[in-house]
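Each chain is listed here by its residues.
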Amino acid sequence: MISLSDIRRARILVVDDEPVNVQLLEYLLKTTGYENVSSTNDPRQVVALHLKHRFDLIILDLHMPGMNGFDVMEALKPLESDSWLPVLVVTAEPDKKLAALEAGARDFIGKPIDTVEVMTRIRNLLEVRLLHRESRDHGTELERQVRERTAELARFRGAMDATPDALFLIDTASMAMVDVSEGACRMLGFSRDALLRIDPVALGLATRTQLERLLGGGGAHDGDSEADIVQTDLLRAGGEGSVAVEISWKLHEQDPAHSGQRMLIAVARDISERLQAEETLRHAASYDALTGLPNRSLFFDNLRDTIELAQDKNWRVAVLCITLDRFKVINDTLGTRGGDELLRQFSTRLVRCVKVRDAVGRLGGDEFALILTMPREQQDAVNMANDVRDSLRLPFDLHGQQAALTASIGIAMYPDDTVEPGALVKYADTAMVRAKEAGRDGYRFFTAGMNVQVLARLDLELALRGALEDSQFVLHYQPKMELNTGRIAGTEALLRWHRPGFGLVYPAEFVPIMEETGLVVRVGDWIIDEACRQIAAWNAAEVRDVRVAVNVSSRQFVEGDLEGVVKDALARHGVEPGLLELELTESALMQNAEHTTEVLTRLKALGIRISIDDFGTGYSSLAYLKRFPIDKLKIDIAFVRDIVNNPDDAAIALAIISMAHSLHMQVIAEGVETRAQMAYLRRHRCDQIQGFYFSRALPADQLAEMVVSNRAKPEEKQAADDKVQTLLIVDDDPNVLTALHRLFRRDGYRVLTASSPAEGFELLALYRVHVILCDQRMPVMSGTEFLSKVKEMYPETIRIILSGYTGVDSVLDSINRGAIYRFYTKPWDDQQLRDNVRLAFRHYWMTYGPYDDRKAPREEDAQGEAA
């Protein structure tokens, strides 16, 4: 028998080019009692070291510079041609494992290393190695006795029966057993006579093919050479199952020189207890002791297998990470006994939802995960999340105490989010945290932005806490332009953060964190003070009367002393109140209407100007709008972005302008980025704009230079183009555009051409267009769709379809709805088309008048046209 001390005295060599890996394995081996552990980082030294020390186990990394693991095994083969060397391969590439076994390795372990698995495999290989050595020594002894005392069969039998292992002697000529040891009879429960009557193949010693291979020299060798050790099951007497054994074979020839009798000797060792112990260890290493569910390690293995199958089947896989809301409260209240019982009951409910236990895992604490394979839509993941939530609706009975809980669930999808099992679980966990933050009892799908936010948030929060004290914040100023004059009407102070090592950080990255942590109140107070300081600095530099608008957050308005901060800043820097403007969101104003009214009234009495930021995106209560002392409304960028081509956004923006003017308020549009947006807003009497088209946010000194330069220029006077007869031609065919432009230019029109509806909308915003001639069949948007939108935004235009498309149903429908004035076909007659367009202009002037297209149609002209 192999003792524990024998195993611990075994000679082990660790080969890895990474010192940290060598140190880790040496530490694990030595701390678990192994006494003879050697190592090297140079694979080229392995052969020399093995010649000198004859190691019992070589733990070999496959991937090393200069000489890889395969080369090392090839170099070792000549040294071990007559014996059995256990090589344990270490690799991070699963597809290399089979190749390693074929190259001579006896086993493998994967990276990253699982401690339990590594130590178990090392012990098993050493035990097999030492067992084989013991069997070899014993066989040598038997052969010596046979050579010396061929006539003393009794002594040979005594040697056989002395070992606890089972020995079987098989005559190679008849392939029948000629003798067995007493250990074989004890192991299998047969009498010696009964055992000798059983065919070796039927007993399970080997297959017929294996026996033939052994005779041919493929597995057993003459003399002192060792054979391969094979694990198999031997038949037990009475049909009571089988015995797991390890068998080593020897081919014994009594007198090879004279063709004497040849015997196959099989030595079988009962490994049932060892296998049971290994299975116990495997189960303990793979399953959660409390719930019986797969633990984190096994769950990842199961997920990896599921993803491999999904790749072949083109399926989607969802991973749901689940955490119990308020579990800590239950655990603290009822103790660990109640908490453990809750986890056991929840795991049972979870398995019922999934119906496959291996698809569920406990990752730790109150965090669980499950795998869902979906051949179809990701709605299956939503349904499963709801099933899990529904399973919690019934209270848990925890030793007589009733407890009701909810769960927060994060979902990540393969292959949508990632193809790596580890990343998939990580992403699902990130989404789970977001679901918990969002109010619990819900689920969230992972988005790519979550991962970045989670990693950066803590670092940002820590850096923010010292940013104010270290003077890392700075204000930039974005000018606002008066549309009627082109003058700079004021600026908005925008916070920037000069973060050391990162450069300039924009508010969208850190303001939400300041809101959550409450830092926004202190920083908001600093912004007001800094804005007043800068106003005073500009005044001192003869850049006077620059009004600065400052954003006030909801928390600053509710929790801070806004009135006191404003008064102190104005007094400290000697600034006129009228040069400071406060921008508040609708949500901030509506949190406490009475408090809001009182504070704003007092600020207004000081001379501070008040504006509502992002108007239209919050409450938009007209009753409170009338009640609060507001000077200005700011149209949110959401309505400005598509204002020239989206009738709904245009309608909202124009309604805000009209309403504000009716209430004697000014209107400013933010986010203006194109000339067309500016022209459209100017035409509809918006007072001011702010955005990249006019200027980005600038440092204080650059803003001062811009103000001085702007004031030195004469005011911009907008030329009236009402009397210029303007024709817009929209067609995606450049040849048609060229021909029509040449045709109508002779009639004195201002001819505008657009190759797409999007370009047409731009030109409509820039110029006063009277007649539109549009092709029907265009990519992205048809002519009737384009003109229907134009009718909503520019109802006074005369809209004509010119198309070679013969299907007229949609065109007739548009004519009936008033979206189209006329429909003409391609190819056209030049003179006839010119006459028709001339009539269209005549219809426009008769309906709207030649000078002012905003007044109502002249009644007598409209009646005359109808007649």
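Keep in mind that this is a model prediction, so the values were computed, not measured.

**Some thoughts on the pattern of salt bridges**
Within the structure shown, the criterion is met by 43 salt bridges. The salt bridge involving R274 is made with E246; its shortest N-O contact spans 2.7 Å. Of this pair, R274 sits in helix α12 (residues 272-286) while E246 sits in strand β9 (residues 242-253); the two residues are 28 residues apart in sequence, bridging distant segments of the chain. A relative accessible area of 7% means that E246 is categorised as buried. Residues E461 and R465 are paired through a salt bridge, measuring 3.1 Å at the closest nitrogen-oxygen approach. Within this pair, E461 and its partner R465 are both found in helix α17 (residues 448-467), separated by 4 residues, close to a single helical turn. Relative accessible area serves as the criterion here: at 18%, E461 is assigned to the buried category. Taken together, the shared-partner salt bridges connect K480, E492, E581, E583, K632 and K634 into one network.

**A word on the packing of aromatic side chains**
All chains considered together, the criterion is met by 15 aromatic pairs. Arranged with centres 6.0 Å apart and planes meeting at 35 degrees, the rings of F473 and F510 form a pair that is tilted. Of this pair, F473 sits in strand β18 (residues 473-482) while F510 sits in helix α18 (residues 507-517), placing them 37 residues apart in sequence. You'll find F473 and F510 in the same group, each marked buried. Ring centres 5.4 Å apart and planes at 80 degrees place the aromatic pair W497 and F510 in the edge-to-face group. Residue W497 is located in strand β19 (residues 488-499), and its partner F510 is located in helix α18; the two are separated by 13 residues in the primary sequence. For W497, a relative accessible area of 0% translates into the label buried.

**So, the sheet that holds strand β11 (residues 316-324)**
If you trace the 5 strands from one edge of the open sheet to the other, you get β12-β13-β11-β16-β17, paired in mixed fashion. Each of the sheet's edge strands pairs with one partner strand only, and the pair in question is β12 (360-364) and β17 (443-445). Each strand of the sheet is rotated relative to its neighbour by a mean of 25 degrees, with strand direction disregarded. Summarising the sheet, β11 and strand β13 (residues 367-374) pair through 8 bridges and their orientation is antiparallel.

**Re the pairing of β11**
Across the 9 residues that make up β11, a large majority, 9, are buried. Side chains of β11 alternate between two faces, with R316, A318, L320, I322 and L324 and V317, V319, C321 and T323 buried alike. Bridge count for β11 against strand β16 (residues 407-414) is 8 bridges, and the pairing is antiparallel. The residue bridging V317 from the neighbouring strand is Y414, located in β16.

**Considerations on the confidence of the model for the chain**
Within the chain, residue pLDDT values average 84, and 88% of them lie at 70 or more. The model gives residues 851-867 a pLDDT under 50, and that stretch makes 19 contacts with residues more than four places away or in other chains.

**Describing the sheet that holds strand β29 (residues 771-774)**
The 5 strands are arranged β28-β27-β29-β30-β31 in an open sheet whose pairing can be described as parallel. Looking at which strands have only one partner, the edges of the open sheet turn out to be β28 (750-754) and β31 (822-825). For this sheet, the mean angle separating the axes of adjacent strands, direction not counted, is 20 degrees. As paired strands, β29 and strand β30 (residues 798-803) are joined by 4 bridges and run parallel to one another. Bridge pairing in β30 places C774 opposite I801. In the packing of helix α30 (residues 757-766) onto the sheet, the strands contacted are β27 (726-730), β28 and β29, and the crossing angle to β28 comes to about 145 degrees. Against the sheet, helix α31 (residues 783-793) touches β27, β29 and β30, its axis set at about 175 degrees to β30.

**A word on the packing of helix α27 (residues 675-683) against α30**
Look at α27 against α30: their axes get within 7 Å of each other, and the N-to-C directions meet at 40 degrees. As summarised for this structure, α27 and α30 are arranged oblique, according to the angle between their axes. Both α27 and α30 take part in a crossing whose hand is left-handed. Residue-level contacts link R675, A676, A679, Y680 and R683 of α27 to E762, L764, A765 and L766 of α30. Split by residue class, the contact of α27 with α30 holds 6 nonpolar, no polar and 3 charged.

Definitions and cut-offs
- Residues numbered from 1 in each chain as written.
- Predicted model: local features only at pLDDT ≥ 70, side-chain atom pairs only at ≥ 80, totals over all residues.
- Heavy atoms only, no water.
- Salt bridge = Lys/Arg side-chain N within 4 Å of Asp/Glu carboxyl O.
- Helix = DSSP H or I, 4+ residues; strand = E, 2+ residues; numbered from the N terminus.
- Buried < 20%, exposed > 50% of the residue type's maximum accessible area, 1.4 Å probe, protein only.
- Phe/Tyr/Trp six-rings, centres within 6.5 Å; stacked < 30°, edge-to-face > 60°.
- Pairing = 2+ DSSP bridges.
- Axes fitted to C-alpha atoms, helices over the stretch in contact; angles between N-to-C directions.
- pLDDT = per-residue confidence, 0-100.
- Contact = heavy atoms within 4.5 Å.
- Parallel < 35°, antiparallel > 145°, perpendicular 65-115°, else oblique.
- Left-handed = near helix turned anticlockwise from the far one by under 90°.
- Nonpolar A, V, L, I, M, F, W, Y, C, P; charged D, E, K, R; others polar.

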